[in-house]
Amino acid sequence: MERTEVAIVGAGPAGLLLAHLLQAEGVDTVVLEARSREYVEHRVRAGVCEHTTVALLRGLGLADRLDREGLVHGGLTLRFDRADHRIDLAALTGKSITVYGQQEIVKDLIAARLATGQDIEFEAADVRLHELTTDAPTVTWTDAHGGARELRADAVAGCDGFHGVCRAAIPASALTCYDHVYPYAWLGVLAQAPPSHEELIYPWHPRGFALHSMRSPELTRLYLQVNPDERLDDWSDARIWDELATRLATDDGFTLRQGPLLEKGITPMRSFVTETMRHGRLFLAGDAAHIVPPTGAKGMNLAVADVRRLGPALVALLRKNDSRPAEAYTERCLSRVWRAEHFSYFMTTMLHRFPDADPFVDQLQLSQLRYTTRSTAAATSLAENYVGLPFDWP
Ligand code: RFL
Ligand code: PHB
(Lines give C-alpha, C1' and ligand atoms only; values in the text may rest on other atoms or scores of the structure.)
(Ligands and ions follow the chains in the order given, each with its own letter.)
Protein backbone atom coordinates (compact mmCIF):
# COMPACT_ATOMS: atom_id res chain seq x y z
CA MET A 1 0.00 0.00 0.00
CA GLU A 2 1.27 3.50 -0.91
CA ARG A 3 1.39 6.24 1.68
CA THR A 4 0.90 10.02 1.71
CA GLU A 5 -0.34 12.64 4.15
CA VAL A 6 -3.15 14.16 2.06
CA ALA A 7 -4.80 12.40 -0.89
CA ILE A 8 -6.27 15.04 -3.19
CA VAL A 9 -8.97 13.92 -5.63
CA GLY A 10 -9.25 16.27 -8.64
CA ALA A 11 -6.71 18.45 -10.46
CA GLY A 12 -8.87 21.52 -11.04
CA PRO A 13 -8.05 24.87 -9.44
CA ALA A 14 -9.09 23.63 -5.95
CA GLY A 15 -7.03 20.42 -5.92
CA LEU A 16 -3.93 21.86 -7.58
CA LEU A 17 -3.82 24.97 -5.42
CA LEU A 18 -4.35 22.93 -2.24
CA ALA A 19 -1.40 20.74 -3.26
CA HIS A 20 0.78 23.88 -3.49
CA LEU A 21 -0.43 25.30 -0.18
CA LEU A 22 0.36 22.02 1.56
CA GLN A 23 3.68 21.59 -0.18
CA ALA A 24 4.70 25.07 1.00
CA GLU A 25 4.22 23.73 4.56
CA GLY A 26 6.12 20.50 3.85
CA VAL A 27 2.99 18.30 3.77
CA ASP A 28 3.17 15.36 1.36
CA THR A 29 0.32 14.99 -1.17
CA VAL A 30 -0.82 12.69 -3.97
CA VAL A 31 -3.12 14.22 -6.62
CA LEU A 32 -5.50 11.90 -8.52
CA GLU A 33 -7.21 13.21 -11.67
CA ALA A 34 -9.73 11.31 -13.79
CA ARG A 35 -8.86 13.11 -17.05
CA SER A 36 -5.64 13.51 -19.05
CA ARG A 37 -3.28 16.48 -18.66
CA GLU A 38 -4.19 17.62 -22.18
CA TYR A 39 -7.91 17.60 -21.30
CA VAL A 40 -7.68 19.58 -18.05
CA GLU A 41 -5.30 22.13 -19.58
CA HIS A 42 -7.70 22.93 -22.41
CA ARG A 43 -11.08 22.95 -20.67
CA VAL A 44 -12.39 26.50 -21.24
CA ARG A 45 -14.13 27.80 -18.12
CA ALA A 46 -13.79 30.78 -15.80
CA GLY A 47 -12.15 34.03 -16.81
CA VAL A 48 -12.40 36.43 -13.88
CA CYS A 49 -10.00 36.31 -10.92
CA GLU A 50 -10.88 38.28 -7.80
CA HIS A 51 -8.11 40.43 -6.37
CA THR A 52 -7.81 38.00 -3.40
CA THR A 53 -7.27 35.06 -5.80
CA VAL A 54 -4.51 36.98 -7.58
CA ALA A 55 -2.88 37.99 -4.27
CA LEU A 56 -2.86 34.37 -3.04
CA LEU A 57 -1.29 33.08 -6.27
CA ARG A 58 1.28 35.87 -6.16
CA GLY A 59 2.14 35.10 -2.53
CA LEU A 60 2.88 31.49 -3.52
CA GLY A 61 5.09 32.61 -6.43
CA LEU A 62 2.55 31.22 -8.93
CA ALA A 63 1.53 34.43 -10.70
CA ASP A 64 4.46 35.27 -13.02
CA ARG A 65 2.54 34.57 -16.22
CA LEU A 66 -0.71 35.90 -14.77
CA ASP A 67 1.08 39.19 -14.01
CA ARG A 68 2.47 39.33 -17.55
CA GLU A 69 -0.59 38.22 -19.52
CA GLY A 70 -3.61 38.85 -17.26
CA LEU A 71 -5.82 41.84 -18.13
CA VAL A 72 -6.45 44.07 -15.13
CA HIS A 73 -9.96 45.61 -15.24
CA GLY A 74 -11.01 48.51 -13.03
CA GLY A 75 -14.63 48.45 -14.20
CA LEU A 76 -17.42 46.59 -15.97
CA THR A 77 -20.39 47.69 -18.05
CA LEU A 78 -24.07 46.98 -17.49
CA ARG A 79 -25.79 47.55 -20.84
CA PHE A 80 -29.54 48.23 -20.95
CA ASP A 81 -31.87 50.68 -22.69
CA ARG A 82 -29.38 50.34 -25.60
CA ALA A 83 -26.75 52.32 -23.63
CA ASP A 84 -23.73 51.63 -21.41
CA HIS A 85 -23.74 52.16 -17.66
CA ARG A 86 -20.27 51.62 -16.24
CA ILE A 87 -19.60 50.35 -12.73
CA ASP A 88 -16.24 51.79 -11.72
CA LEU A 89 -14.97 48.92 -9.57
CA ALA A 90 -11.66 50.62 -8.79
CA ALA A 91 -13.18 53.96 -7.72
CA LEU A 92 -15.90 52.30 -5.65
CA THR A 93 -13.76 49.68 -3.90
CA GLY A 94 -10.09 50.53 -4.53
CA LYS A 95 -9.78 47.06 -6.09
CA SER A 96 -9.86 45.50 -9.53
CA ILE A 97 -10.29 42.07 -11.10
CA THR A 98 -7.94 40.26 -13.48
CA VAL A 99 -9.14 38.49 -16.61
CA TYR A 100 -7.00 35.36 -16.98
CA GLY A 101 -8.40 32.02 -18.14
CA GLN A 102 -8.93 29.25 -15.60
CA GLN A 103 -7.16 26.81 -17.90
CA GLU A 104 -4.11 29.10 -17.85
CA ILE A 105 -4.10 28.95 -14.03
CA VAL A 106 -4.43 25.16 -14.25
CA LYS A 107 -1.48 25.03 -16.69
CA ASP A 108 0.63 27.21 -14.39
CA LEU A 109 -0.21 25.10 -11.30
CA ILE A 110 0.53 21.82 -13.10
CA ALA A 111 3.85 23.12 -14.46
CA ALA A 112 4.87 24.40 -11.01
CA ARG A 113 4.09 21.04 -9.36
CA LEU A 114 5.94 19.03 -11.98
CA ALA A 115 8.92 21.42 -11.71
CA THR A 116 9.35 20.44 -8.05
CA GLY A 117 9.63 16.78 -9.04
CA GLN A 118 6.15 15.81 -7.84
CA ASP A 119 3.71 14.29 -10.27
CA ILE A 120 -0.02 14.06 -10.77
CA GLU A 121 -1.82 10.76 -11.34
CA PHE A 122 -3.72 11.63 -14.51
CA GLU A 123 -6.32 9.24 -15.94
CA ALA A 124 -7.04 7.70 -12.54
CA ALA A 125 -10.21 5.64 -13.04
CA ASP A 126 -12.74 4.28 -10.57
CA VAL A 127 -11.49 6.34 -7.60
CA ARG A 128 -13.09 5.10 -4.35
CA LEU A 129 -12.77 6.33 -0.78
CA HIS A 130 -12.71 4.02 2.26
CA GLU A 131 -12.54 4.24 6.06
CA LEU A 132 -13.24 7.97 6.07
CA THR A 133 -14.21 8.12 9.71
CA THR A 134 -10.89 6.62 10.89
CA ASP A 135 -7.48 8.36 11.21
CA ALA A 136 -6.22 6.36 8.23
CA PRO A 137 -8.59 6.70 5.27
CA THR A 138 -7.64 4.90 2.07
CA VAL A 139 -8.21 5.61 -1.60
CA THR A 140 -8.24 2.98 -4.33
CA TRP A 141 -8.15 3.53 -8.09
CA THR A 142 -7.11 2.03 -11.41
CA ASP A 143 -4.15 3.86 -12.91
CA ALA A 144 -3.54 4.89 -16.54
CA HIS A 145 -1.81 1.53 -17.21
CA GLY A 146 -4.69 -0.52 -15.78
CA GLY A 147 -2.92 -1.21 -12.45
CA ALA A 148 -4.96 -1.51 -9.23
CA ARG A 149 -3.61 1.04 -6.71
CA GLU A 150 -4.23 1.66 -3.03
CA LEU A 151 -3.14 4.68 -1.02
CA ARG A 152 -3.28 5.28 2.73
CA ALA A 153 -3.51 8.91 3.84
CA ASP A 154 -4.13 10.95 6.97
CA ALA A 155 -6.84 12.97 5.21
CA VAL A 156 -8.62 13.11 1.86
CA ALA A 157 -9.48 16.36 0.01
CA GLY A 158 -12.49 16.00 -2.28
CA CYS A 159 -11.71 18.56 -5.01
CA ASP A 160 -13.36 16.59 -7.79
CA GLY A 161 -15.99 19.07 -8.95
CA PHE A 162 -19.77 18.89 -9.01
CA HIS A 163 -19.95 15.47 -10.71
CA GLY A 164 -17.15 13.83 -8.72
CA VAL A 165 -17.29 10.86 -6.34
CA CYS A 166 -16.25 12.46 -3.04
CA ARG A 167 -19.49 14.21 -2.09
CA ALA A 168 -21.32 10.92 -2.82
CA ALA A 169 -19.04 9.16 -0.31
CA ILE A 170 -20.71 11.08 2.53
CA PRO A 171 -23.79 9.24 3.86
CA ALA A 172 -27.00 11.00 2.76
CA SER A 173 -28.09 11.21 6.40
CA ALA A 174 -25.06 13.45 7.18
CA LEU A 175 -25.72 15.88 4.30
CA THR A 176 -28.13 18.74 3.76
CA CYS A 177 -28.19 19.91 0.13
CA TYR A 178 -29.68 23.18 -1.09
CA ASP A 179 -30.42 23.10 -4.81
CA HIS A 180 -31.87 25.62 -7.26
CA VAL A 181 -32.09 25.02 -11.01
CA TYR A 182 -32.63 27.99 -13.35
CA PRO A 183 -34.87 27.82 -16.44
CA TYR A 184 -32.01 28.82 -18.77
CA ALA A 185 -28.47 27.84 -19.81
CA TRP A 186 -25.44 29.58 -21.36
CA LEU A 187 -24.14 28.91 -24.83
CA GLY A 188 -20.46 29.93 -24.62
CA VAL A 189 -18.07 30.53 -27.53
CA LEU A 190 -14.41 31.41 -27.83
CA ALA A 191 -13.77 33.58 -30.89
CA GLN A 192 -10.52 34.39 -32.63
CA ALA A 193 -11.32 38.09 -32.69
CA PRO A 194 -10.05 41.06 -30.68
CA PRO A 195 -12.47 42.10 -27.90
CA SER A 196 -15.01 44.72 -29.05
CA HIS A 197 -14.77 46.67 -25.81
CA GLU A 198 -11.99 47.05 -23.26
CA GLU A 199 -14.07 45.66 -20.38
CA LEU A 200 -16.75 43.02 -19.71
CA ILE A 201 -20.29 43.88 -20.83
CA TYR A 202 -23.34 42.41 -19.08
CA PRO A 203 -26.41 43.35 -21.15
CA TRP A 204 -30.10 43.10 -20.33
CA HIS A 205 -32.06 42.57 -23.56
CA PRO A 206 -35.67 41.57 -24.31
CA ARG A 207 -34.34 38.52 -26.21
CA GLY A 208 -32.27 37.41 -23.21
CA PHE A 209 -28.88 37.90 -21.59
CA ALA A 210 -25.53 37.87 -23.39
CA LEU A 211 -22.00 38.45 -22.09
CA HIS A 212 -18.97 40.00 -23.73
CA SER A 213 -15.74 38.84 -22.09
CA MET A 214 -12.27 38.05 -23.35
CA ARG A 215 -9.16 35.99 -22.84
CA SER A 216 -6.45 38.11 -24.50
CA PRO A 217 -6.09 41.01 -26.97
CA GLU A 218 -6.77 38.43 -29.73
CA LEU A 219 -9.47 36.24 -28.16
CA THR A 220 -13.05 37.16 -27.24
CA ARG A 221 -15.21 35.00 -24.96
CA LEU A 222 -18.95 35.44 -25.49
CA TYR A 223 -22.06 33.87 -24.00
CA LEU A 224 -25.78 33.79 -24.90
CA GLN A 225 -28.67 32.89 -22.63
CA VAL A 226 -30.47 29.92 -24.22
CA ASN A 227 -33.08 27.39 -23.12
CA PRO A 228 -31.71 24.52 -20.99
CA ASP A 229 -32.77 21.93 -23.61
CA GLU A 230 -31.17 23.84 -26.52
CA ARG A 231 -29.09 21.74 -28.97
CA LEU A 232 -25.71 23.05 -30.05
CA ASP A 233 -26.39 21.70 -33.56
CA ASP A 234 -29.20 24.25 -33.94
CA TRP A 235 -26.74 27.12 -33.48
CA SER A 236 -24.71 27.78 -36.62
CA ASP A 237 -21.85 30.28 -36.28
CA ALA A 238 -23.91 32.81 -38.28
CA ARG A 239 -26.91 32.44 -35.95
CA ILE A 240 -24.67 32.90 -32.88
CA TRP A 241 -23.11 36.10 -34.29
CA ASP A 242 -26.53 37.49 -35.31
CA GLU A 243 -27.99 36.88 -31.87
CA LEU A 244 -24.95 38.32 -30.09
CA ALA A 245 -25.03 41.44 -32.28
CA THR A 246 -28.75 41.92 -31.57
CA ARG A 247 -28.46 41.55 -27.81
CA LEU A 248 -25.34 43.74 -27.59
CA ALA A 249 -26.60 46.52 -29.90
CA THR A 250 -26.53 50.12 -28.64
CA ASP A 251 -27.73 53.44 -30.01
CA ASP A 252 -24.19 54.77 -30.20
CA GLY A 253 -22.97 52.38 -32.87
CA PHE A 254 -21.30 49.54 -30.95
CA THR A 255 -19.84 47.02 -33.39
CA LEU A 256 -19.14 43.44 -32.46
CA ARG A 257 -15.87 42.18 -33.91
CA GLN A 258 -16.27 38.73 -35.42
CA GLY A 259 -13.85 35.90 -36.14
CA PRO A 260 -13.67 32.10 -36.37
CA LEU A 261 -15.27 30.26 -33.43
CA LEU A 262 -12.67 28.03 -31.77
CA GLU A 263 -14.91 26.44 -29.15
CA LYS A 264 -18.65 26.14 -28.42
CA GLY A 265 -20.47 24.64 -25.44
CA ILE A 266 -23.73 24.76 -23.47
CA THR A 267 -23.65 25.00 -19.66
CA PRO A 268 -26.74 24.54 -17.47
CA MET A 269 -27.27 27.07 -14.66
CA ARG A 270 -27.58 25.87 -11.10
CA SER A 271 -27.02 26.95 -7.53
CA PHE A 272 -26.11 24.18 -5.08
CA VAL A 273 -24.70 24.11 -1.54
CA THR A 274 -23.70 21.08 0.52
CA GLU A 275 -23.75 21.29 4.25
CA THR A 276 -21.46 19.64 5.66
CA MET A 277 -18.18 20.09 3.81
CA ARG A 278 -16.45 17.60 6.12
CA HIS A 279 -17.10 13.96 7.00
CA GLY A 280 -14.50 12.37 9.30
CA ARG A 281 -11.19 12.80 7.47
CA LEU A 282 -12.81 13.79 4.14
CA PHE A 283 -12.93 17.53 3.34
CA LEU A 284 -14.81 18.85 0.30
CA ALA A 285 -13.65 22.01 -1.50
CA GLY A 286 -14.77 24.01 -4.54
CA ASP A 287 -17.45 22.78 -6.95
CA ALA A 288 -17.56 19.42 -5.12
CA ALA A 289 -19.31 21.28 -2.29
CA HIS A 290 -21.09 24.17 -3.98
CA ILE A 291 -21.79 25.66 -7.39
CA VAL A 292 -23.10 29.03 -8.55
CA PRO A 293 -24.46 30.23 -11.89
CA PRO A 294 -21.56 31.91 -13.74
CA THR A 295 -23.14 35.40 -13.93
CA GLY A 296 -21.31 36.59 -10.80
CA ALA A 297 -17.95 35.06 -11.89
CA LYS A 298 -17.58 33.44 -8.48
CA GLY A 299 -17.13 29.63 -8.89
CA MET A 300 -13.37 29.38 -9.30
CA ASN A 301 -12.79 32.12 -6.75
CA LEU A 302 -14.85 30.23 -4.17
CA ALA A 303 -12.79 27.11 -4.85
CA VAL A 304 -9.64 29.17 -4.14
CA ALA A 305 -11.15 30.60 -0.93
CA ASP A 306 -12.06 27.10 0.34
CA VAL A 307 -8.56 25.70 -0.08
CA ARG A 308 -7.01 28.84 1.37
CA ARG A 309 -8.88 27.79 4.55
CA LEU A 310 -8.44 24.02 4.14
CA GLY A 311 -4.63 24.13 3.74
CA PRO A 312 -3.96 25.64 7.20
CA ALA A 313 -6.72 23.50 8.77
CA LEU A 314 -5.00 20.32 7.52
CA VAL A 315 -1.58 21.56 8.68
CA ALA A 316 -3.01 22.22 12.15
CA LEU A 317 -4.72 18.81 12.22
CA LEU A 318 -1.82 16.73 10.95
CA ARG A 319 1.19 18.59 12.29
CA LYS A 320 0.01 20.30 15.48
CA ASN A 321 -2.69 17.85 16.55
CA ASP A 322 -5.08 20.82 16.63
CA SER A 323 -8.48 19.82 15.24
CA ARG A 324 -10.25 23.16 15.87
CA PRO A 325 -9.72 24.71 12.39
CA ALA A 326 -10.84 21.42 10.79
CA GLU A 327 -13.95 21.38 12.96
CA ALA A 328 -14.74 24.99 12.03
CA TYR A 329 -14.05 24.40 8.30
CA THR A 330 -17.64 23.95 7.10
CA GLU A 331 -19.07 26.85 9.03
CA ARG A 332 -16.30 29.31 8.12
CA CYS A 333 -16.44 28.43 4.41
CA LEU A 334 -20.21 28.44 4.13
CA SER A 335 -20.61 31.94 5.49
CA ARG A 336 -18.63 33.31 2.53
CA VAL A 337 -20.13 30.75 0.12
CA TRP A 338 -23.70 31.85 0.93
CA ARG A 339 -22.76 35.50 0.27
CA ALA A 340 -21.44 34.49 -3.17
CA GLU A 341 -24.53 32.31 -3.74
CA HIS A 342 -26.73 35.30 -3.09
CA PHE A 343 -24.66 37.62 -5.29
CA SER A 344 -24.66 35.10 -8.17
CA TYR A 345 -28.44 34.65 -7.84
CA PHE A 346 -28.89 38.44 -7.75
CA MET A 347 -26.82 39.01 -10.91
CA THR A 348 -28.49 36.08 -12.67
CA THR A 349 -32.08 37.03 -11.89
CA MET A 350 -31.46 40.71 -12.62
CA LEU A 351 -30.05 40.05 -16.08
CA HIS A 352 -31.77 36.93 -17.52
CA ARG A 353 -35.12 36.86 -19.24
CA PHE A 354 -37.51 34.13 -18.14
CA PRO A 355 -38.70 31.84 -20.98
CA ASP A 356 -42.33 33.00 -20.56
CA ALA A 357 -41.35 36.63 -20.08
CA ASP A 358 -43.48 38.58 -17.66
CA PRO A 359 -43.65 42.34 -18.38
CA PHE A 360 -43.93 43.00 -14.65
CA VAL A 361 -40.63 41.15 -13.98
CA ASP A 362 -39.01 43.04 -16.91
CA GLN A 363 -39.83 46.34 -15.25
CA LEU A 364 -38.51 45.13 -11.89
CA GLN A 365 -35.25 44.07 -13.52
CA LEU A 366 -34.86 47.38 -15.36
CA SER A 367 -35.66 49.31 -12.22
CA GLN A 368 -33.01 47.33 -10.32
CA LEU A 369 -30.46 47.99 -13.09
CA ARG A 370 -31.19 51.72 -13.11
CA TYR A 371 -30.95 51.85 -9.32
CA THR A 372 -27.70 49.88 -9.34
CA THR A 373 -26.09 52.30 -11.80
CA ARG A 374 -27.54 55.55 -10.41
CA SER A 375 -27.12 55.00 -6.66
CA THR A 376 -23.54 55.02 -5.36
CA ALA A 377 -24.64 52.78 -2.47
CA ALA A 378 -26.14 50.18 -4.83
CA ALA A 379 -23.20 50.36 -7.26
CA THR A 380 -20.76 49.92 -4.36
CA SER A 381 -22.64 46.85 -3.18
CA LEU A 382 -22.38 45.24 -6.61
CA ALA A 383 -18.72 46.29 -6.93
CA GLU A 384 -17.53 44.98 -3.56
CA ASN A 385 -19.16 41.60 -4.19
CA TYR A 386 -17.81 41.44 -7.75
CA VAL A 387 -14.17 42.22 -6.91
CA GLY A 388 -14.41 39.71 -4.05
CA LEU A 389 -14.95 39.97 -0.32
CA PRO A 390 -12.00 39.32 2.01
CA PHE A 391 -11.11 35.65 2.52
CA ASP A 392 -11.97 36.03 6.18
CA TRP A 393 -15.48 37.27 5.49
CA PRO A 394 -17.29 36.46 8.75
P1 RFL B 1 -13.22 21.54 -11.30
O2 RFL B 1 -12.53 22.61 -12.05
O3 RFL B 1 -14.47 20.97 -11.86
O4 RFL B 1 -12.15 20.41 -11.08
C5 RFL B 1 -12.50 19.12 -10.62
C6 RFL B 1 -11.52 18.12 -11.17
O7 RFL B 1 -11.82 16.83 -10.65
C8 RFL B 1 -11.76 15.88 -11.71
N9 RFL B 1 -12.60 14.72 -11.35
C10 RFL B 1 -12.10 13.58 -10.84
N11 RFL B 1 -10.85 13.19 -10.58
C12 RFL B 1 -10.67 11.94 -10.08
N13 RFL B 1 -11.70 11.07 -9.86
C14 RFL B 1 -12.97 11.43 -10.11
N15 RFL B 1 -13.98 10.56 -9.89
C16 RFL B 1 -13.21 12.72 -10.63
N17 RFL B 1 -14.33 13.41 -10.99
C18 RFL B 1 -13.94 14.61 -11.42
C19 RFL B 1 -12.26 16.65 -12.92
O20 RFL B 1 -11.83 16.06 -14.14
C21 RFL B 1 -11.62 18.02 -12.69
O22 RFL B 1 -10.33 18.11 -13.25
O23 RFL B 1 -13.56 22.01 -9.80
P24 RFL B 1 -12.83 23.06 -8.83
O25 RFL B 1 -11.36 22.79 -8.76
O26 RFL B 1 -13.63 23.07 -7.61
O27 RFL B 1 -12.97 24.48 -9.57
C28 RFL B 1 -14.23 25.06 -9.75
C29 RFL B 1 -14.26 25.83 -11.06
O30 RFL B 1 -13.86 24.98 -12.12
C31 RFL B 1 -15.64 26.41 -11.38
O32 RFL B 1 -16.27 26.87 -10.21
C33 RFL B 1 -15.56 27.57 -12.38
O34 RFL B 1 -15.14 27.12 -13.64
C35 RFL B 1 -16.92 28.28 -12.52
N36 RFL B 1 -16.91 29.36 -13.51
C37 RFL B 1 -16.41 30.60 -13.19
N38 RFL B 1 -15.84 30.82 -12.00
C39 RFL B 1 -15.27 32.02 -11.72
O40 RFL B 1 -14.75 32.20 -10.61
N41 RFL B 1 -15.25 33.06 -12.64
C42 RFL B 1 -15.80 32.91 -13.86
O43 RFL B 1 -15.71 33.83 -14.68
C44 RFL B 1 -16.45 31.66 -14.17
N45 RFL B 1 -17.01 31.46 -15.38
C46 RFL B 1 -17.43 29.13 -14.79
C47 RFL B 1 -17.49 30.21 -15.71
C48 RFL B 1 -17.87 27.87 -15.18
C49 RFL B 1 -18.38 27.69 -16.45
N50 RFL B 1 -18.76 26.37 -16.81
C51 RFL B 1 -18.37 25.77 -18.03
C52 RFL B 1 -19.24 25.46 -15.79
C53 RFL B 1 -18.02 30.05 -16.96
C54 RFL B 1 -18.50 28.79 -17.32
C55 RFL B 1 -19.13 28.67 -18.67
C1 PHB C 1 -15.66 34.46 -18.72
O2 PHB C 1 -14.82 35.25 -19.19
O3 PHB C 1 -15.67 33.26 -19.05
C4 PHB C 1 -16.67 34.93 -17.77
C5 PHB C 1 -16.62 36.25 -17.33
C6 PHB C 1 -17.58 36.72 -16.43
C7 PHB C 1 -18.58 35.87 -16.00
C8 PHB C 1 -18.62 34.56 -16.43
C9 PHB C 1 -17.66 34.08 -17.33
O10 PHB C 1 -19.52 36.34 -15.15
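Structure: above.
None of these values were measured; they are calculated from a predicted model.

Conventions adopted
- Residues numbered from 1 in each chain as written.
- Chains lettered and ligands numbered in written order.
- Predicted model: local features only at pLDDT ≥ 70, side-chain atom pairs only at ≥ 80, totals over all residues.
- Heavy atoms only, no water.
- Helix = DSSP H or I, 4+ residues; strand = E, 2+ residues; numbered from the N terminus.
- Buried < 20%, exposed > 50% of the residue type's maximum accessible area, 1.4 Å probe, protein only.
- Polar contact = N/O pair within 3.5 Å; in protein donor to acceptor, adjacent residues only side chain to side chain.
- Contact = heavy atoms within 4.5 Å.
- Axes fitted to C-alpha atoms, helices over the stretch in contact; angles between N-to-C directions.
- Parallel < 35°, antiparallel > 145°, perpendicular 65-115°, else oblique.
- Nonpolar A, V, L, I, M, F, W, Y, C, P; charged D, E, K, R; others polar.
- Near = heavy atom within 4 Å.
- Areas by Shrake-Rupley, 256 points an atom, 1.4 Å probe, with all protein chains shown as cover.
- 1 Å grid on protein atoms, 1.4 Å probe; cavity = no way out; pocket = protein on both sides within 12 Å on 5 of 7 lines; lining within 4 Å.
- Points joined across faces, edges and corners; volume = space filled by probe spheres on them.
- Left-handed = near helix turned anticlockwise from the far one by under 90°.
- Core = buried A, V, L, I, M, F, W, Y, C linked by side-chain atoms within 4.5 Å.
- Expected span 1.5 Å × (residues − 1).
- Arc of directions from axis to C-beta.

Q: Looking at this structure, how should I read the side chain of Gln-365?
A: The topology assignment puts Gln-365 in helix H10 (residues 359–374). Overall, Gln-365 belongs to the buried group, its relative accessible area being 4%. Of the polar contacts made by the side chain of Gln-365, one reaches the backbone oxygen of Thr-349; its length is 2.7 Å. Other than its neighbours up to four places away in sequence, Gln-365 contacts Trp-204, Thr-349, Met-350, Leu-351 and His-352.

Q: Please explain the packing of H10 against helix H11 (residues 376–387) as it appears in this structure.
A: The geometry of a pair of packed helices is captured by two quantities: the angle between their axes and the separation between those axes. The N-to-C vectors of H10 and H11 enclose an angle of 95°; their axes lie 5 Å apart at closest approach. By the criterion of interaxial angle, the relationship of H10 to H11 is roughly perpendicular. Contact with H10, carried on its side by Tyr-371, Thr-372 and Arg-374, involves Thr-376, Ala-378, Ala-379 and Leu-382 of H11 and no other residues of that element. Class assignment of the residues belonging to the contact of H10 with H11 gives a composition of four nonpolar, two polar and one charged.

Q: So what exactly am I meant to see when it comes to the site of ligand 1 here?
A: Glu-33, Arg-43, Gln-102, Asp-287 and Met-300 are the nearest of the 34 residues found near ligand 1. Within the contact set of ligand 1, an oxygen atom lies 2.7 Å away from a backbone nitrogen or oxygen of Met-300. Protein chains bury 88% of the 1,000 Å² of accessible surface belonging to ligand 1 in isolation. Mapped onto the shell around ligand 1, the elements with two or more residues apiece are helix H1 (13–24) and helix H8 (299–319).

Q: Explain the layout of surface pockets to me, please; I cannot follow it from the model alone.
A: Rolled over the atoms, a probe sized like a water molecule indicates the empty space that remains. Approximately 270 Å³ is the volume found for the second largest pocket. Taken together, 16 residues make up the lining of the second largest pocket; nearest its centre are Arg-207, Gln-225, Val-226, Asn-227 and Arg-247. For the lining of the second largest pocket, the secondary structure elements donating two or more residues are strand S13 (176–191), strand S16 (219–226) and helix H7 (237–248). Take the lining of the second largest pocket: its biggest share by element is three residues, from H7. Tallied by class, the residues present in the lining of the second largest pocket amount to seven nonpolar, three polar and six charged.

Q: Could you clarify how one ought to interpret the packing of H1 against helix H6 (residues 102–115) in this entry?
A: The contact between H1 and H6 brings their axes to 10 Å, and the two run at 35°. Here the hand of the crossing between H1 and H6 comes out left-handed. Residues Pro-13, Leu-16, Leu-17, Ala-19 and His-20 of H1 form the contact with H6, whose participating residues are Gln-102, Val-106, Leu-109, Ile-110, Ala-112 and Arg-113. Partitioning the contact of H1 with H6 into residue classes produces eight nonpolar, two polar and one charged.

Q: Whenever I open this one, the site of ligand 2 confuses me. Can you help?
A: Close to ligand 2 lie 14 residues; Tyr-202, Ser-213, Arg-215, Tyr-223 and Pro-294 are nearest. Arg-215 is positioned with one of its side-chain polar atoms (N or O) 2.8 Å from an oxygen atom of ligand 2. Between ligand 2 and the protein, one listed contact pairs an oxygen atom with a backbone N or O atom of Thr-295 at 3.3 Å. When the free accessible area of ligand 2 is taken as 280 Å², the share hidden by the protein chains comes to 97%. Among the secondary structure elements, those contributing two or more residues to the shell around ligand 2 are strand S15 (210–216) and S16. The leading source of residues in the shell around ligand 2 is S15, at three residues. Among the residues forming the shell around ligand 2, the class breakdown is eight nonpolar, three polar and three charged.

Q: I tried to follow empty space enclosed by the protein on my own but got confused; where do I start?
A: The tally for this structure, following the rule as stated, stands at three cavities of 30 Å³ or more. One number sums up the size of the largest cavity: a volume of about 70 Å³. Contributing to the lining of the largest cavity are Glu-50, Lys-298, Leu-302, Arg-336, Arg-339, Ala-340, Phe-343, Asn-385, Gly-388 and Leu-389. The biggest single contributor to the lining of the largest cavity is helix H9 (residues 324–351), with four residues. Each residue belonging to the lining of the largest cavity can be placed in one class, and the counts come to four nonpolar, two polar and four charged.

Q: Would you explain the nonpolar core in this entry?
A: If you look at soluble globular proteins, the nonpolar side chains tend to sit buried side by side. If you look at the biggest cluster of nonpolar residues, it comprises 72 residues, and the most contacted ones within it are Ile-8, Leu-17, Leu-18 and Leu-129. Counting residues per element, this core draws most heavily on H8, at eleven residues. Apart from residues lying up to four places away in sequence, Leu-18 is in contact with Ile-8, Ala-157, Cys-159, Val-307, Leu-310, Gly-311 and Leu-314.

Q: Any chance you could explain H7 here in plain terms?
A: Count 3.6 residues to each turn of an α-helix, and residues three or four apart come out pointing the same way. The end-to-end C-alpha distance of H7 is 16 Å, a good match for the 16 Å that twelve residues give at a rise of 1.5 Å each. The set of residues buried in H7 consists of Ile-240, Trp-241, Glu-243, Leu-244, Arg-247 and Leu-248. Around the axis of H7, the buried residues are gathered within 165° of arc, so they sit on the same side. Turned more than 90 degrees from where H7 packs its buried face, Ala-238 and Asp-242 sit exposed. Each element contacted by the buried residues of H7 is listed here: strand S6 (76–80), S13, strand S14 (201–203), S15, S16 and strand S17 (261–275).

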